[in-house]
Amino acid sequence: MKKIGIDILLICLIGAFIAREMYNKPHINVAENPADISVTANILLADFSLDETKANSKYLDKIIAVKGTITNIEFNAEKATISLQTEDDFGSVVCYLVKDEFKKSAEIKEGQEVEIKGICTGFLMDVILVKCVMMHIK
Amino acid sequence: MKILSTFFIGLFLVSFANGQERFLTKKGMISFFSETPIENIEAQNNQVLSIVDATSGKMAIAILMKSFMFKKALMQEHFNENYVESDKYPKATFKGDILDFDKMVGIETTASIKGNLTMHGVTNETTIEAVIKRTVDLVEMTGDFFINLSDFDVKIPSIVKNSISQKIKVSFRFQHKPYKK
């Protein structure tokens with residue numbers, strides 16, 4: 001009888017531990033995970049402007065590595081936003097870098113070709129990538 | 001003197017009418033807050049697109065649901081998969097009119113914005129109070145309001161009913177800049 005009691009207690013403890021681990025599950029680390037899809041900024045935007053629903057199912061929530069030329073860099077509160085050039089007049093691919101990421105690449109400037117990895121959240125006027133990290137600077 | 005000032009005001013109005021001025025931000029902030037005795041849940045979205053047409057006082061906002069960032073990954077997952085179903089409804093939108101927008105100049109004014117808020121595939125008519133500051137090169141809006149989850153057909157399973165509030169506080173801050181084509 002006593003043994004069953006200990007078993008139940010043990011199961012409860014393990015259960016509580018697993019529940020806590022799940023509750024505190026960390027966010028996906030973009031830097032440590034490989035990209036699901038690699039594209040150029042141009043193709044990424046074209047896919048979204050052509051058929052947004054289809055592009056949503058293809059790109060949303062995925063880690064995207066996107067190659068392109070920087071048209072604009074904005075800094076605010078230790079965070080940087082980089083826009084990548086496309087052939088479209090209005091839209092571009094906008095990458096929201098994680099905190100402090102721009103320090104690692106302090107020498108980035110407009111006109112430079114870069115590859116940036118981030119999670120795609122969708123398309124408004126631009127395709128938006130969040131939690132971005134820099135990959136290559138040529 | 002009076003004629004001169006009338007002339008200048010007239011000139012000012014004409015230049016405004018001609019401009020078809022649009023103000024825009026791609027980095028609007030919207031956050032929400034759910035408060036219960038068990039748990040507070042908070043998420044922020046810094047990629048909100050908002051456009052104000054200065055001539056007509058109309059505004060339009062588009063929000064990507066997946067751009068809401070939570071402190072806990074599990075909360076974000078539940079929010080997207082179970083509650084707002086962001087795969088099915090990736091965007092929330094608001095379209096409305098800023099009442100008396102043409103009378104605002106320079107100083108901060110509290111104004112009502114009347115329009116339709118669409119989220120989770122459901123559209124509701126709402127009136128939102130905002131503090132608006134309008135200058136030549138900036139239209140700034142801040143404010144907060146409450147939404148009822150049931151109004152938008154967002155179902156909360158009874159098992160977590162006590163940790164998610166039915167009334168969610170939504171705060172926003174938009175700094176619209178003149179839009180150059």
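Report follows, based on the coordinates. As the structure is a computational prediction, the values presented were derived from the model and not from experiment.

1. What about the pairing of strand β1 (residues 22–35) of chain B?
All names here are of chain B.
Turning to step 1, where the next piece is worked out: As paired strands, β1 and strand β2 (residues 40–53) are joined by eleven bridges and run antiparallel to one another. Paired with S31 across the bridge in β2 is Q44.
Turning to step 2, where the next piece is worked out: With seven bridges connecting them, β1 and strand β9 (residues 167–178) associate as antiparallel partners. Counted as the bridge partner of L24 is K177 from β9.

2. Notes on the interface of chain B and chain A
Accessible area lost during the coming together of the parts is what is often quoted as the interface size.
Turning to step 1, where the next piece is worked out: Taken residue by residue, the interface counts eleven residues in chain B and 17 residues in chain A.
Turning to step 2, where the next piece is worked out: Of all the secondary structure elements, the ones that give two or more residues to the side of chain B that touches chain A are β2, β3 (58–64) and α2 (73–83) of chain B.
Turning to step 3, where the next piece is worked out: Split by residue class, the side of chain B that touches chain A holds six nonpolar, two polar and three charged.

3. A closer look at the environment of D88(A)
All names here are of chain A.
Turning to step 1, where the next piece is worked out: Mapped onto the elements, D88 comes out in the loop between β3 (79–84) and β4 (93–97).
Turning to step 2, where the next piece is worked out: The exposure class assigned to D88 is partly exposed, which follows from the 16 C-beta atoms found within 10 Å.
Turning to step 3, where the next piece is worked out: As a C-alpha pair, D88 and K109 span 21 residues in sequence and 21 Å in three-dimensional space.
Turning to step 4, where the next piece is worked out: Not counting the four nearest positions on each side in its chain, D88 is found in contact with L45 and S49.

4. Some remarks on the nonpolar core
Turning to step 1, where the next piece is worked out: Core analysis: the biggest nonpolar cluster contains 65 residues, and L44(A), V66(A), V93(A), C95(A), V127(A), L129(A) and I63(B) have the highest contact counts within it.
Turning to step 2, where the next piece is worked out: It is strand β6 (residues 127–137) of chain A that provides the largest number of residues to this core, a total of six residues.
Turning to step 3, where the next piece is worked out: Other than its neighbours up to four places away in sequence, V127(A) contacts L44(A), L45(A), F48(A), V93(A) and C120(A).

5. Focus on the environment of S83(A)
Residues and elements named next belong to chain A.
Turning to step 1, where the next piece is worked out: Mapped onto the secondary structure, S83 falls in strand β3.
Turning to step 2, where the next piece is worked out: Sequence separation between S83 and D51 is 32 residues; the distance between their C-alpha atoms is 22 Å.
Turning to step 3, where the next piece is worked out: If near-sequence neighbours (up to four positions away) are discounted, S83 is found in contact with T71, N72, S92 and V94.

Definitions and limits used
- Residues numbered from 1 in each chain as written.
- Chains lettered and ligands numbered in written order.
- Predicted model: local features only at pLDDT ≥ 70, side-chain atom pairs only at ≥ 80, totals over all residues.
- Pairing = 2+ DSSP bridges.
- Helix = DSSP H or I, 4+ residues; strand = E, 2+ residues; numbered from the N terminus.
- Contact = placed C-beta atoms within 7 Å.
- Nonpolar A, V, L, I, M, F, W, Y, C, P; charged D, E, K, R; others polar.
- Buried ≥ 20, exposed ≤ 12 C-beta atoms within 10 Å, placed from the backbone.
- Core = buried A, V, L, I, M, F, W, Y, C linked by C-beta atoms within 7 Å.

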